[in-house]
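Close look at the chain arrangement
Take a look at the letters that make up each chain.
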Amino acid sequence: RLKLPPGPFPWPIVGSLFIVKEPLPIFFAELGRKYGPVVYFKLGMVPTVAINSAAAAREVLKSRDLEFASRPDLGNLRQISFDYNDLGVAPYGETWKLMRRVSATHLFTPSKLNTTASVRHREVKAMIKNILDEGPEVVDLTAATNAAVVQGVVNLLVGTDDKSLGIDARSLNGIFEKAGEELLNVNLGDLFPFLRRLDVQGLERKFKYVVMPPIKSLMEKIIAHHKSSSREVEDFVDVLVNLNGEDALTHIQTIGLLSDFFIAGINTSQTSIDFTLAELVRHPAILSRAQKEIDQVVGSSRLVQESDLPSLPYLHAVIKESLRLHPPLPLLLPHHNPAASKIGEYDIPAKSTIFVNAWAIGRDPSTWDRPLEFVPERFLERDVKLTGDDFSLLPFGAGRRTCAGYLMAMRMLPLSVATVIQAFDLATLEGREVDMGESTGGATRRNKNLMVSATPRLAKELYA
Ligand code: HEM
């Protein structure tokens, strides 16, 4: 007899579907308070486990990492990944290993990232120019930073600054945003496998015939352009089309990997910059301490550079605190165990979907003192790394499926925040508080754009 983790009663066929409430991270945390850190339930017919403690997360992502390193086979994911010819949602196996190796050895190495630092510096300059042009009294900081992130990531990936490409970053991002929205639709075939082949809602047909063709043809245009021209700074496509030997990717794998980077890299970066700036605007003393640190290390005659980042420990503490409270992917990406496994004393049936609740773990009162308060100082006293070796802080996940873009994200995020606060004194608009309302599910976003006053702090020529 299996010893399953505790959880709500599984009704035949529907399981616990009727008690599920959005937002899922909060719902799973509530289940955790009732049943314990490892909760078992059925979403429709699918065995599902919610992990709400650092100790249980350590077991899933470290001790039994290999057993839980796959992803569930979901209809929408299959379509968006060109039939799992990708990295982010491919099952654990040979394609995933190839994609991961290519990403780790050819794209996200420190030396490769150094060669593209100029692209990121250009984009943060665009960010502060956007803010200056709008300010100083009323600035939509979310819009200004989001636009620069899109431009920056897209330039790093496909080099849209190369005018002969004839594609602009915003419209390219637009087609991925649409695909991202479609991804959020619950596919009944995933919950009730006997419906799978029928595609009763037509979601998979929509992906196949409406959503994916424009993505595929744009990616094909971009790849063809890169094969016949070169750029000053090598972008990701340049690297991918020149791979050879055992690292060479097929045409569809190149498209799948690039699409992953668009989907995984843009929203997460925008959300984390936006939340961090919102917390700083809400906490003027913390903002001022972070600005002082930058002033001391960088001065005011030049803008902060990526090479300055290691000398800014308080800035890093601010970033960690923001990611602790507001992980952009609060449930990571779903994990999956193809074979039966265990977590602690409990049996986990084969083919379960595992949600690691990074949101709840980051707010766990048994780990964090004053868990709901924004206190960056806690990370000056306690060195907790973001790379998943401390399982109480998991914004990037951990183990084999940890974020592939971590090194790039941890350049873009601190650089963007540091440049904005070095260049501007930010304050809430008179009489208004920062609205921290968020919609959270698979991914989190603040509901309202961050409106602030932004008074320049540096000489005019630095904003040009
Ligand atoms: C602050 C920004 C970011 C955060 C918080 C973040 C967070 C995450 C998380 C939580 C996962 C899932 C880990 C798991 O399932 O265990 C993930 C996976 C991934 N991320 Fe990120 N990410 C960020 C930025 C980026 C960027 C900039 C890129 C690339 C351009 C990227 C590419 C990926 C990919 C490809 C995966 C799938 C890895 C796999 O399944 O093997 N991410 N990320």
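This text gives an overview of the structure that appears in the document.

Conventions and cut-offs
Residues numbered from 1 in each chain as written. Predicted model: local features only at pLDDT ≥ 70, side-chain atom pairs only at ≥ 80, totals over all residues. Heavy atoms only, no water. Near = heavy atom within 4 Å. Polar contact = N/O pair within 3.5 Å; in protein donor to acceptor, adjacent residues only side chain to side chain. Helix = DSSP H or I, 4+ residues; strand = E, 2+ residues; numbered from the N terminus. Nonpolar A, V, L, I, M, F, W, Y, C, P; charged D, E, K, R; others polar. Buried < 20%, exposed > 50% of the residue type's maximum accessible area, 1.4 Å probe, protein only. Contact = heavy atoms within 4.5 Å. Salt bridge = Lys/Arg side-chain N within 4 Å of Asp/Glu carboxyl O.

**Looking at the site of the ligand**
By nearness alone, 27 residues border the ligand, and Arg 71, Arg 100, His 335, Arg 401 and Cys 403 come closest of all. Separating an oxygen atom of the ligand from a side-chain N or O atom of Arg 71 is a distance of 2.8 Å. Within the backbone of Leu 87, one N or O atom sits 3.5 Å away from an oxygen atom of the ligand. Elements with a contribution of two residues or more to the shell around the ligand: helix H4 (94–107), helix H12 (251–282) and helix H17 (406–423). Of the residues forming the shell around the ligand, the biggest block, six residues, is contributed by H12. Class assignment of the residues belonging to the shell around the ligand gives a composition of 15 nonpolar, nine polar and three charged.

**Focus on the environment of Glu 182**
Within the secondary structure, Glu 182 is located in helix H8 (residues 169–183). Residue classification places Glu 182 among the buried residues on the basis of a relative accessible area of 17%. Placed 66 residues apart in sequence, Glu 182 and Thr 116 show a C-alpha to C-alpha distance of 32 Å. The contacts of Glu 182, once residues within four sequence positions are left out, are Asn 76, Lys 206, Phe 207 and Val 211.

**Things to note about the environment of Val 20**
Among the structural elements, Val 20 can be located in the segment before helix H1 (24–35). For Val 20, a relative accessible area of 27% corresponds to the partly exposed category. Spatially, the C-alpha atoms of Val 20 and Phe 374 are 29 Å apart, while their sequence positions differ by 354 residues. Apart from the residues within four sequence positions on either side, Val 20 is in contact with Phe 27 and Leu 43.

**Digging into the pattern of salt bridges**
As enumerated under the stated definition, the model contains 35 salt bridges in all. A salt bridge links Glu 234 to Lys 112, with the shortest nitrogen-to-oxygen separation between them at 3.0 Å. You can see Glu 234 sitting in the loop between helix H10 (203–227) and helix H11 (236–241) and its partner Lys 112 sitting in helix H5 (residues 110–115), a full 122 residues away along the chain. Looking at Lys 112, the relative accessible area reads 12%, which means it is buried. Between Lys 385 and Asp 383 there is a salt bridge, with the nearest N and O atoms lying 3.0 Å from each other. We classify Lys 385 as partly exposed; its relative accessible area is 39%. For Asp 383, a relative accessible area of 58% puts it in the exposed group. By sharing partners, the salt bridges in this structure join Asp 73, Arg 78, Asp 83, Asp 190, Arg 196 and Glu 204 into a single network.

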